[in-house]
There are 2 protein chains.
Amino acid sequence: MRTPAENAQLALLLEVAGTPKPGNVDRRRDLPDLRFEHFLAGSVGAGPGLRAASDGRPVGDAFETAVVGMADQSGGNTQFGALLLLVPLVATATEGKLMGDAVRSVVEDTTVEDAADFYRAFDHVAVTVDDPPADTDVPDVRRGSDAVADVETAGLTLQDVMAAAADRDDVAREWIEGFERSFAAADRIAARAGPVPDRVAETFLWLLSRRPDTHVATTHGERVARRVMVRAQSARDRGHVEEFADALVEEGINPGTTADVAAAGCFVALERDGIEI
Amino acid sequence: MRTPAENAQLALLLEVAGTPKPGNVDRRRDLPDLRFEHFLAGSVGAGPGLRAASDGRPVGDAFETAVVGMADQSGGNTQFGALLLLVPLVATATEGKLMGDAVRSVVEDTTVEDAADFYRAFDHVAVTVDDPPADTDVPDVRRGSDAVADVETAGLTLQDVMAAAADRDDVAREWIEGFERSFAAADRIAARAGPVPDRVAETFLWLLSRRPDTHVATTHGERVARRVMVRAQSARDRGHVEEFADALVEEGINPGTTADVAAAGCFVALERDGIEI
């Protein structure tokens, strides 16, 4: 019987193993500087932080610990977004039933100290994020620990920080919307048959075909993100998924946010639905 | 900085990711009932046992704990032999310098209780082993916990049990020979350049080309094991490794002991030599 922390670690591994996952590292594809083994090392390194979350340590602290361990490999950012979804889900699963209301409570209970630790996590790895809007009082996350004093002065909780990014980052949006897409992904993974990595890959493509990936929007613009969504729909309809996967790798387009949500969905399917490997 | 337990878990993952590893599950190949994701789940499940080894718990206890966790997936035996090599190596690394003399001491210090826990580990998963010789006082390991009373009566330590199997099982032989091939594999992995899974795969083939795999000998006979060794030499010489890999999967020949030694070598390269991922 795996613990919530073990299921989260396994979800990270099953997500990267699932293939084809267009534009992402998967069992069959590496990117030029980001390879499969970086994700393996990231999953192992995240272990202590995931266990901290299931030991009841505060969400921000557990997240920063997970990111420090994840970053102990040379590929750079492998699973920052996935961990940002998994840590509150692990905390929720440890407290009781893994469902939307319960994870909303975990989000509502976050503190200024959680927000400070979230900013500190940006010291350990380069994360691609959009510029914040000009009129916000929420510091730019890329300032990392340098912004902690400002976070404390403004009295921002981690929920506040996520709310401020929810319109441009679909990981933050999950935090604010009760992890809606993560649970929908879990329902889909749990409902299907066959090897779990295949189900995760299918669910990844389904997610990608329904909303523009916000990591793609940040790196290539909103128009490209929308076009990738339409291409994902077409690839699904015509069964041209391998070709689509090769094309996105070729074009250097990496729908990383969708992969984060797929990993979170896989965790929920393992933990809540008890799907078997 | 990964702990010894984390490096051991990562070694299990890097080993299964390395491709081509003729006859074994790897990043590109599944066997009919044993798939990549079973090894991922086995690696996650082995975590608590590996941590027990680095927390100084007795080797037999840590090993049984690792096997219980590893077996929590539907593929059957994924990493029993690899864990039997990794647990004493993790214990050695935790105590001090990871070298032959130190791991020999760990082996020499094993007790009857370690042997009893080793037998108990066979209750959790079906492991393919040879029939013991007719004249031995060492109980058949397949009896599992039923044999514990006989182990205790005979006063056998885990070292004694390994010594009795060393002539027909190259995992047991490592225990008795100071983990000679594991260290040689580590030297090779550490000396080469390129992605670590590629180095592990190359080292696997090198190991396979130098000694008949004892798991193949147990399942297919000594003659086939010797023939696989010769074919591995030829595949290396001619660069026909992918064809050889496909052929062994086709023939149902799985050099599992060689994979176990490759995983142990990868751990030593990570832990002793600090190779980077």
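Procedures and definitions
Residues numbered from 1 in each chain as written. Chains lettered and ligands numbered in written order. Predicted model: local features only at pLDDT ≥ 70, side-chain atom pairs only at ≥ 80, totals over all residues. Heavy atoms only, no water. Helix = DSSP H or I, 4+ residues; strand = E, 2+ residues; numbered from the N terminus. Rg over C-alpha atoms; globule rule 2.2 N^0.38 Å. Contact = heavy atoms within 4.5 Å. Areas by Shrake-Rupley, 256 points an atom, 1.4 Å probe, with all protein chains shown as cover. Lys, Arg positive; Asp, Glu negative; His and termini not counted. Charge placed at Lys NZ, Arg CZ, Asp CG, Glu CD. Buried area = accessible area lost by both parts, 1.4 Å probe. Salt bridge = Lys/Arg side-chain N within 4 Å of Asp/Glu carboxyl O. Polar contact = N/O pair within 3.5 Å; in protein donor to acceptor, adjacent residues only side chain to side chain. Nonpolar A, V, L, I, M, F, W, Y, C, P; charged D, E, K, R; others polar. Phe/Tyr/Trp six-rings, centres within 6.5 Å; stacked < 30°, edge-to-face > 60°. Buried < 20%, exposed > 50% of the residue type's maximum accessible area, 1.4 Å probe, protein only. Least-squares fit on C-alpha atoms with pLDDT ≥ 70 in both. Axes fitted to C-alpha atoms, helices over the stretch in contact; angles between N-to-C directions. Parallel < 35°, antiparallel > 145°, perpendicular 65-115°, else oblique.

Visitor: Explain the overall build of chain A to me, using residue names and the numbers behind them.
Guide: Assigned secondary structure in chain A consists of 16 helices and zero strands. By the compact-globule yardstick of 19 Å for 277 residues, chain A fits well, its C-alpha radius of gyration being 17 Å. Across its three principal axes, chain A shows a C-alpha extent of roughly 55 × 45 × 35 Å. Considering only contacts within chain A whose residues lie at least 6 apart along the sequence, 69% involve residues at least 24 apart. Accessible surface, chain A as shown: approximately 10,500 Å² in total, 45% of it carbon and sulfur. Looking at chain A, you have 28 positive and 48 negative side-chain charges, and the mean spots of the two groups are 8 Å apart.

Visitor: For the interface of chain A and chain B, give the residues involved together with the corresponding values.
Guide: Each side of the interface is counted separately: chain A has 29 residues, and chain B has 29 residues. Summed over both partners, the interface of chain A with chain B buries about 2,500 Å², with 58% contributed by carbon and sulfur atoms. For chain A, the biggest contributors to the area lost against chain B are Arg27, Val44 and Ile277 of chain A; these three give 29% of the whole. A salt bridge links aspartate 30 of chain B to arginine 27 of chain A; its shortest N-O distance comes to 2.9 Å. The interface formed by chain A and chain B includes 13 residue pairs in polar contact (both at pLDDT 80 or more). When residues of the side of chain A that touches chain B are traced back to their parent elements, those giving at least two are helix 1 (4–17), helix 2 (36–45), helix 3 (47–54) and helix 12 (196–208) of chain A. Partitioned by chemical class, the residues of the side of chain A that touches chain B number 14 nonpolar, four polar and eleven charged.

Visitor: Give a description of the packing of aromatic side chains that names residues and reports values.
Guide: Residues and elements named next belong to chain A. Applying the stated criterion to the full structure yields 15 aromatic pairs over all chains. Pairing phenylalanine 80 with phenylalanine 118 gives two aromatic rings, centres 6.4 Å apart and planes at 50°, and the pair type is tilted. Here phenylalanine 118 lies in helix 7 (residues 112–121) and phenylalanine 80 lies in helix 5 (residues 80–95), a separation of 38 residues in the sequence. Given the relative accessible area of 5%, phenylalanine 80 is considered buried. In this structure phenylalanine 118 comes out as buried when scored by relative accessible area, which is 5%.

Visitor: Mind laying out the environment of glycine 75 of chain A, listing which residues take part and the relevant values?
Guide: Residue and element names in this part refer to chain A. Among the structural elements, glycine 75 can be located in the loop between helix 4 (59–70) and helix 5. The spacing of glycine 75 and histidine 38 is 37 residues in sequence and 5.5 Å in space, taken between C-alpha atoms. Once residues within four sequence positions are removed from consideration, glycine 75 is found in contact with Asp33, Leu34 and His38.

Visitor: Got a sec to walk through the side chain of threonine 157 of chain B? Specific residues and values, please.
Guide: All names here are of chain B. Looking at the element boundaries, threonine 157 is found in the loop between helix 8 (148–154) and helix 9 (158–165). Residue class for threonine 157 comes out buried when judged on its relative accessible area of 18%. Setting aside residues up to four positions removed in sequence, threonine 157 forms contacts with Thr110, Thr111, Val112 and Ala115.

Visitor: Give me the pattern of salt bridges: which residues, what numbers.
Guide: Applying the stated rule across the entire model yields 47 salt bridges over all chains. Note that arginine 29 of chain B is salt-bridged to aspartate 246 of chain B, the shortest N-O span being 3.0 Å. With a gap of 217 residues between them, arginine 29 of chain B in the loop between helix 1 (4–17) and helix 2 (36–45) and aspartate 246 of chain B in helix 15 (residues 241–251) connect regions that are remote in the sequence. On the basis of relative accessible area, arginine 29 of chain B is assigned to the buried category, the value being 10%. Each of the salt bridges in this network shares a partner with another, and the network as a whole consists of Asp26, Arg28, Arg29, Glu242 and Asp246 of chain A.

Visitor: I'd love a proper account of the relation of the copies chain A and chain B, names of residues and values included.
Guide: For the pair chain A and chain B, the relating rotation is 180°, the translation along its axis is 0.0 Å, and the fit reaches an RMSD of 0.0 Å. Both chain copies can therefore be described as sitting about a two-fold axis. Closest to the rotation axis within chain A is the C-alpha of arginine 27 of chain A, separated from it by 3.1 Å. Mapped onto chain B, 100% of the interface residues of chain A are again interface residues, and the two copies thus contact each other with one and the same surface.

Visitor: So what's going on with the packing of helix 1 of chain A against helix 2 of chain A? Residues and values would help.
Guide: Residues and elements named next belong to chain A. Their axes nearest at 9 Å, the elements helix 1 and helix 2 cross at an angle of 170°. With respect to helix 2, the axis of helix 1 lies roughly antiparallel. Taking contact as the criterion, the partners of Gln9, Leu12, Leu13, Val16 and Ala17 in helix 1 are, on helix 2, Phe36, Phe39, Leu40, Ser43 and Val44.

Visitor: Could you give an account of helix 7 (residues 112–121) of chain B, naming the residues involved and the relevant values?
Guide: All names here are of chain B. With seven of ten residues buried, helix 7 is to be regarded as a mostly interior element. On its buried face, helix 7 is in contact with helix 4 (59–70), helix 5 (80–95), helix 8 and helix 9. Of the residues that open helix 7, the one with a side-chain oxygen 3.2 Å from the backbone nitrogen of glutamate 113 is threonine 111.

Visitor: Got a sec to walk through unusual backbone geometry? Specific residues and values, please.
Guide: Residue and element names in this part refer to chain A. With an omega of -5°, the peptide bond between threonine 19 and proline 20 qualifies as cis. Structurally, the position occupied by proline 20 is in the loop between helix 1 and helix 2. A positive phi is found at phenylalanine 179, a non-glycine position, where the angle reads about 55°. In this fold, phenylalanine 179 is placed in the loop between helix 10 (170–176) and helix 11 (180–191).

Visitor: Summarise the environment of arginine 29 of chain A; cite the residues concerned and give the values.
Guide: When the C-alpha positions of arginine 29 of chain A and alanine 115 of chain A are compared, they lie 35 Å apart, and in sequence the two are 86 residues distant. Setting aside residues no more than four positions away along its own chain, arginine 29 of chain A makes contact with Thr19, Pro20, Asn24, Glu242, Ala245, Asp246 and Val249 of chain A together with Arg27 of chain B. Only 3.0 Å separates the side chain of arginine 29 of chain A from the side chain of aspartate 246 of chain A, close enough to count as a polar contact.

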